[in-house]
Amino acid sequence: MRVDHERLREIVGGVDDPEIGLSLTELGMLDDVRVDRRGHAQVSVALTTPGCPLADALREKVVDAATRVEGVRTVDVAFTVMDERRRASVGRRLHETRTSLTGALGGGPRVYAVASGKGGVGKSTVTANLAVAMAADGQRVGVLDADVWGYSMPQLFGVRRAPMAFDGVMLPVPAHGVALMSIGFFVTDEQPVAWRGPMLHKALEQFCSDVYWGGLDVLLVDLPPGTGDVTLSVLQLLPDASLVVVTTPQRAASSVASRVGRLARDAGMPVAGVVENMSGAVFGSGGGASLAAELSTSLLGELPLGPEVREAGDRGVPVVLAAPDDPASVALRGVATALPAPSRALVRRPLPLLVT
């Protein structure tokens with residue numbers, strides 16, 4: 001059977017690069033496509049960087065796409081590496097298609113800033129698992145690790161590599177179906193991040209504006225504990241965000257968390273709800289419900305305390321994937337489903353006005 005060569009090239013060219021999210025044709029990555037009379041196809045793809053960590057995933061996608069074309073029986077994929085001229089072309093393409101998270105009113109992903117009053121309540125673990133749960137539900141999800149001093153996302157997702165960059169545009173690091181950006185990708189584990197307010201604000205500004213997030217449905221922002229510089233910067237940079245407050249049942253945690261909720265509300269950021277973590281026999285319960293009532297918002301869920309959550313985080317695999325039937329996983333998926341759509345306010349944001 002004769003294979004339609006043009007159809008084969010069209011189908012293979014439509015395969016999305018697993019890291020960038022644009023097609024091979026759009027990125028200029030597809031080189032030669034040949035097929036012989038026996039239905040054996042040979043595909044040559046130019047990778048954007050040597051040693052691409054997702055080359056095997058890309059190979060699988062190309063093979064799967066090619067074998068769906070009638071008459072193709074086997075597929076060989078050969079990889080080369082782009083020269084600087086072609087990499088620059090990719091950079092220009094990313095600049096053209098990039099959308100800023102800090103843009104004018106309308107469009108953009110749903111943004112949730114996950115906060116706590118104090119450290120140690122499991123805020124980052126909640127963020128990571130909510131992201132994975134929503135990604136497993138078919139949504140395109142990103143996590144911005146804004147906890148610059150105490151970044152946790154590299155460990156919780158099990159990834160340790162610097163993001164790729166093209167002409168000043170950085171690519172999030174993919175893991176478990178989620179796009180990640182963290183200062184932890186740029187420093188070693190032993191290196192402290194001793195930054196003051198202006199540097200923190202600049203880093204967050206770059207993560208919002210200079211990262212190619214692609215077409216996200218949801219962005220989760222993992223805030224540091226308390227009401228410091230980073231929280232204030234997020235209020236300014238992401239005016240579409242809603243706050244999700246994480247607390248443990250104890251009054252010592254919920255009373256401090258209430259200050260973050262009040263700060264957000266005073267600044268015009270809606271509070272999407274409260275999550276009570278570590279709920280159960282050891283720490284009791286009720287702190288989340290009282291905090292939700294105090295902030296006039298919903299209690300999104302109560303997450304039981306158990307060893308599986310800690311063990312999964314230590315392995316770099318969020319518990320909703322590592323132990324999907326664990327009670328904490330079930331509760332986390334319930335929170336992901338219960339998150340309300342953020343309301344978009346006109347306060348503190350540029351409007352798309354044109355002079356005619």
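Right, let's walk through the structure included here. (Residues numbered from 1 in each chain as written. Predicted model: local features only at pLDDT ≥ 70, side-chain atom pairs only at ≥ 80, totals over all residues. Heavy atoms only, no water.)

So, the packing of helix 9 (residues 251–266) against helix 10 (residues 287–294)
Pairs of packed helices are described in terms of their axes, by the angle between the two and the distance that separates them.
1) Next: It is the contact of helix 9 with helix 10, at a shortest axis distance of 10 Å, that shows an interaxial angle of 25 degrees. One element, helix 9, and the other, helix 10, form an angle in the roughly parallel class. The hand of the helix 9/helix 10 crossing is right-handed. On helix 10, the residues touching Arg251, Ser254, Ala257, Ser258, Arg262 and Arg265 of helix 9 are Gly287, Ser290, Leu291 and Glu294.
2) Next: Of the residues in the contact of helix 9 with helix 10, the class split is two nonpolar, four polar and four charged. (Axes fitted to C-alpha atoms, helices over the stretch in contact; angles between N-to-C directions. Helix = DSSP H or I, 4+ residues; strand = E, 2+ residues; numbered from the N terminus. Parallel < 35°, antiparallel > 145°, perpendicular 65-115°, else oblique. Left-handed = near helix turned anticlockwise from the far one by under 90°. Contact = heavy atoms within 4.5 Å. Nonpolar A, V, L, I, M, F, W, Y, C, P; charged D, E, K, R; others polar.)

Some thoughts on empty space enclosed by the protein
Any empty space left between the atoms is revealed when a probe the size of a water molecule rolls over them.
1) Next: As enumerated under the stated definition, the model contains one cavity of 30 Å³ or more in all.
2) Next: Here the largest cavity is characterised by a volume of approximately 50 Å³.
3) Next: As for the largest cavity, its lining consists of Thr125, Ala128, Asn129, Leu156, Val309, Ala312, Gly313, Val317, Pro318 and Val319.
4) Next: The set of elements that each furnish at least two residues to the lining of the largest cavity consists of helix 5 (123–136) and helix 11 (307–315). (1 Å grid on protein atoms, 1.4 Å probe; cavity = no way out; pocket = protein on both sides within 12 Å on 5 of 7 lines; lining within 4 Å. Points joined across faces, edges and corners; volume = space filled by probe spheres on them.)

Some details on the layout of surface pockets
1) Next: By volume, the largest pocket amounts to about 540 Å³.
2) Next: Along the walls of the largest pocket sit 22 residues, with Pro18, Glu19, Gly21, Arg140 and Ala179 positioned nearest its centre.
3) Next: Residues of the lining of the largest pocket, tallied by class, amount to twelve nonpolar, five polar and five charged.
4) Next: In this model, the second largest pocket occupies a volume close to 460 Å³.
5) Next: The set of elements that each furnish at least two residues to the lining of the second largest pocket consists of helix 5, helix 6 (153–157), strand 12 (271–279), strand 13 (299–304), helix 11 and helix 13 (327–338).
6) Next: Counting residues per element, the lining of the second largest pocket draws most heavily on helix 5, at five residues.

Quick look at the nonpolar core
1) Next: One finds Leu144, Trp213, Val221, Leu223, Leu238 and Leu243 to be the most contacted residues of the largest nonpolar core, which totals 41 residues.
2) Next: Once residues within four sequence positions are removed from consideration, leucine 243 is found in contact with Ala113, Ala115, Leu223, Val260, Gly261, Ala264, Met269, Pro270, Val271, Ala272 and Gly273.
3) Next: Leu130, Phe157, Val178 and Ala331 belong to the second-largest nonpolar core, a separate cluster that totals 39 residues. (Core = buried A, V, L, I, M, F, W, Y, C linked by side-chain atoms within 4.5 Å. Buried < 20%, exposed > 50% of the residue type's maximum accessible area, 1.4 Å probe, protein only.)

Some points on the sheet that holds strand 12
1) Next: On the basis of which strands lie adjacent, the open sheet formed by eight strands has the order 8-9-5-10-4-11-12-13 and mixed pairing. Strand pairing shows two members of the sheet lacking a second neighbour, strand 8 (173–175) and strand 13, which therefore form its edges. Each strand of the sheet is rotated relative to its neighbour by a mean of 25 degrees, with strand direction disregarded.
2) Next: In this fold helix 13 packs onto strand 12 and strand 13, with an angle of close to 170 degrees to the strand it touches most, strand 13. (Pairing = 2+ DSSP bridges.)

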